[in-house]
Amino acid sequence: VMFRTWTLHPVTAENRFDQKYFLTEHIRKTRALLGPYGLLSLNVEEGVVLDAPGPERTYLMMACLTFETLEALEAAMAACGRELSADFANFT
């Protein structure tokens, strides 16, 4: 069993999203901070819309963080969650 948490960055009318910063600096910082707590993987997906009728995309980017245990995930978020959340201002 693995434990995952998702960070979803929604599309909004007033969105500013610095994709370059997110994919380089924020992801690097996330790996560095959470690695010692047992981060197994960090996957990033960009929201896209295929050429089909319907609503526009809902999310700009989605990040999935995977840990081996729930305790590791909780410890990582307790220790680093505020610092990572504070970095959101640099790309949104």
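(A) Looking closely at the environment of Arg82. With respect to the helices and strands, the residue Arg82 is situated in helix α2 (residues 70-87). On the accessibility criterion, Arg82 (78% relative accessible area) is exposed. Remark: the alpha-carbon pair of Arg82 and Ser41, spanning 41 residues in sequence, is separated by 20 Å.

(B) Spotlight on the sheet that holds strand β2 (residues 39-46). Ordered by their spatial adjacency, 3 strands build an open sheet running β1-β3-β2, and the pairing between neighbours is antiparallel. Each edge of the open sheet carries a strand with a single partner, namely β1 (3-10) and β2. Here the strands of the sheet are splayed against their neighbours by 15 degrees on average, with no regard to which way each runs. Note that β1 and strand β3 (residues 59-67) share 8 bridges and pair antiparallel. Across the sheet, Thr5 pairs through a bridge with Leu65, a residue of β3. Of the strands in this sheet, β1, β2 and β3 touch helix α1 (residues 19-34), which is tilted by about 165 degrees from β2. The strands that α2 touches are β1 and β3; relative to β1, the one it contacts most, it runs at about 45 degrees.

(C) Summary view of α1. Its 16 residues place the ends of α1 21 Å apart at the C-alpha level, agreeing with the 22 Å of an ideal helix rising 1.5 Å per residue. Taken together, the buried positions of α1 are occupied by Tyr21, Phe22, His26, Ile27, Thr30 and Leu34. Looking at the buried positions of α1, the neighbouring elements they touch are β1, β2, β3 and α2. Among the residues of α1, the N-terminal cap falls to Asp18, whose side-chain oxygen and the backbone nitrogen of Lys20 are separated by 3.3 Å.

(D) Representation of the nonpolar core in the model. Phe17, Phe22, Leu34, Leu39, Leu65 and Phe67 are the most contacted members of the largest nonpolar core, which has 18 residues in total. Sequence-distant contacts of Leu65, defined by excluding residues within four places in its chain, comprise Phe3, Arg4, Thr5, Thr7, Thr30, Leu34, Leu39, Ser41 and Leu42.

(E) Spotlight on the layout of surface pockets. Size it by volume and the largest pocket reaches roughly 180 Å³. Together, 16 residues line the largest pocket, and Thr7, Leu65, Met77, Leu84 and Phe88 are the ones closest to its centre. At the level of elements, β1, α1, β3 and α2 are the ones that each hand at least two residues to the lining of the largest pocket. Considering every element that reaches the lining of the largest pocket, the biggest residue donor is α1, with 5 residues. Residues belonging to the lining of the largest pocket are distributed by class as follows: 9 nonpolar, 7 polar and no charged.

What counts, and at which threshold
Residues numbered from 1 in each chain as written. Predicted model: local features only at pLDDT ≥ 70, side-chain atom pairs only at ≥ 80, totals over all residues. Heavy atoms only, no water. Helix = DSSP H or I, 4+ residues; strand = E, 2+ residues; numbered from the N terminus. Buried < 20%, exposed > 50% of the residue type's maximum accessible area, 1.4 Å probe, protein only. Pairing = 2+ DSSP bridges. Axes fitted to C-alpha atoms, helices over the stretch in contact; angles between N-to-C directions. Contact = heavy atoms within 4.5 Å. Expected span 1.5 Å × (residues − 1). Polar contact = N/O pair within 3.5 Å; in protein donor to acceptor, adjacent residues only side chain to side chain. Core = buried A, V, L, I, M, F, W, Y, C linked by side-chain atoms within 4.5 Å. 1 Å grid on protein atoms, 1.4 Å probe; cavity = no way out; pocket = protein on both sides within 12 Å on 5 of 7 lines; lining within 4 Å. Points joined across faces, edges and corners; volume = space filled by probe spheres on them. Nonpolar A, V, L, I, M, F, W, Y, C, P; charged D, E, K, R; others polar.

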